[in-house]
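Structural description and commentary
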Amino acid sequence: VASTVLALAVGYVLGALPFGYWVARAHGVNIFEVGSKNPGATNVRRVLGAGPGNVVFALDAFKGAVATIWPVWWALSRGHVSGQIEIVQIAGLIGAMTGHSFSLFTKFRGGKGVATASGGVLMLVPLAALVVTMIWIITFYATRYVSLASLLAAAGLPLATWALGRPTSLVVFAALITVFVVLRHRSNIGRLLRGTENRFVKKPQPTS
Ligand code: NKO
């Protein structure tokens, strides 16, 4: 129990690191006030271009991965066995996604958890992460809606985890990630249904 609480707490602090907000601020932009007002990789890319957007994706995915992987080392060093190790990993990623979306560094605002989840899921269920990344890429290139790509990838996660024969605890946790990501995309879902969601267009690069 102590290890689980610790993984949750450390995960929360790691997840709360507001990389999207910080990277945009370094470019003189308050990400909470521009574009979709979301401090995620997509909105940073939309407003500031591919470079800063990719940096934010990498950092947000990395914090999710770290929050999910360090508990393995910790649990092993404490002599925990395999089922218990999975639980502390799940706790780490729950903490990171909660911290990312309700960050203590940005007045409990935050992103939608997609990049952070992708880093954590890659550590926890790598093959399922590959499958849902393919769903994401196919949906994105077919529709140019980032939000729809994220929603379908999230929906596919518990299915892929189940189809790969992973333990029920992981399938249930994957379904929780789906619920979390869907709830964080409520405004996007509204826009998708009304036909007013922004299709992703490249920020025009300055010409020389
Ligand atoms: O600004 O509301 P917006 O249009 O920004 O943003 C909607 C968007 C918010 O999410 C992000 C994170 C962007 C992540 C890009 C991921 C690229 C490829 C990896 C896909 C892996 C998917 C795993 C999902 C697990 C739940 O949605």
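In what follows, the structure referred to is the one given above.
1. Re the overall build of the chain
Along the backbone of the chain there are 10 helices and zero strands. When its helices and strands are written in sequence order, the chain yields α-α-α-α-α-α-α-α-α-α. Here the chain has a C-alpha radius of gyration of 17 Å; the compact-globule value for 208 residues is 17 Å, and the two agree. Overall, the C-alpha framework of the chain stretches about 60 × 35 × 30 Å when taken along its three principal axes. Expressed as a percentage of its 208 residues, the buried residues of the chain come to 46%. Sequence-distant contacts in the chain: of pairs separated by 6 or more residues, those separated by 24 or more amount to 66%. Here the chain carries 18 positive and 4 negative side-chain charges, and the mean point of each set is 5 Å from the other.

2. Structural notes on the pattern of salt bridges
Tallied over the entire structure, the rule returns two salt bridges. Here Glu197 ties to Arg191 by a salt bridge, and the two come within 2.7 Å at their closest N and O atoms. Looking at Glu197, the relative accessible area reads 8%, which means it is buried. Judged by its relative accessible area of 22%, Arg191 is partly exposed.

3. Remarks on the site of the ligand
With respect to spatial proximity, 23 residues lie near the ligand, and among them Ser36, Thr42, Arg46, Lys112 and His185 are the closest. Side-chain polar atom of Ser36 to an oxygen atom of the ligand: 2.5 Å apart, as the coordinates give it. Between the ligand and His185, the relevant distance is 2.7 Å, taken from an oxygen atom to a side-chain nitrogen or oxygen of the residue. Mapped by element, the contributors of at least two residues to the shell around the ligand are helix 3 (41-48), helix 6 (114-124), helix 7 (126-143) and helix 8 (146-163). No other element matches the five residues that helix 8 contributes to the shell around the ligand. For the shell around the ligand, a count of residues per class yields 10 nonpolar, 11 polar and two charged.

4. Some details on the environment of Leu170
Structurally, the position occupied by Leu170 is in helix 9 (residues 168-184). C-alpha separation for the pair Leu170 and Trp22, spaced 148 residues apart in sequence, amounts to 32 Å. When sequence neighbours within four positions are dropped, the list of residues in contact with Leu170 reads Glu86, Ile90, Leu124, Val125 and Thr161.

5. Topic: unusual backbone geometry
Generally, phi is negative for residues other than glycine and the peptide bonds are trans, each holding for most cases. A positive phi angle, close to 55 degrees, is found at Lys107, a residue other than glycine. Judged by relative accessible area, Lys107 falls into the exposed class, the value being 72%. Phi at Arg144 is positive, roughly 65 degrees, even though this residue is not glycine. As for its position among the elements, Arg144 is in the loop between helix 7 and helix 8.

6. Re the packing of aromatic side chains
Within the structure shown, the criterion is met by eight aromatic pairs. When the ring of Trp22 is compared with that of Phe105, the centres are 6.4 Å apart and the planes differ by 45 degrees; the resulting orientation is tilted. Here Phe105 lies in the loop between helix 5 (82-101) and helix 6 and Trp22 lies in helix 2 (residues 19-26), a separation of 83 residues in the sequence. Residue classification places Phe105 among the partly exposed residues on the basis of a relative accessible area of 43%. Of note, Arg109 hangs over the ring of Phe32, and the distance from its end group to the ring centre comes to 3.9 Å. For the cation-ring pair, Arg184 lies above Phe102, with the distance from its terminal atom to the ring centre recorded as 4.8 Å.

Cut-offs and rules
Residues numbered from 1 in each chain as written. Predicted model: local features only at pLDDT ≥ 70, side-chain atom pairs only at ≥ 80, totals over all residues. Heavy atoms only, no water. Helix = DSSP H or I, 4+ residues; strand = E, 2+ residues; numbered from the N terminus. Rg over C-alpha atoms; globule rule 2.2 N^0.38 Å. Buried < 20%, exposed > 50% of the residue type's maximum accessible area, 1.4 Å probe, protein only. Contact = heavy atoms within 4.5 Å. Lys, Arg positive; Asp, Glu negative; His and termini not counted. Charge placed at Lys NZ, Arg CZ, Asp CG, Glu CD. Salt bridge = Lys/Arg side-chain N within 4 Å of Asp/Glu carboxyl O. Near = heavy atom within 4 Å. Polar contact = N/O pair within 3.5 Å; in protein donor to acceptor, adjacent residues only side chain to side chain. Nonpolar A, V, L, I, M, F, W, Y, C, P; charged D, E, K, R; others polar. Phe/Tyr/Trp six-rings, centres within 6.5 Å; stacked < 30°, edge-to-face > 60°. Lys NZ or Arg CZ within 6 Å of the ring centre and 35° of its normal.

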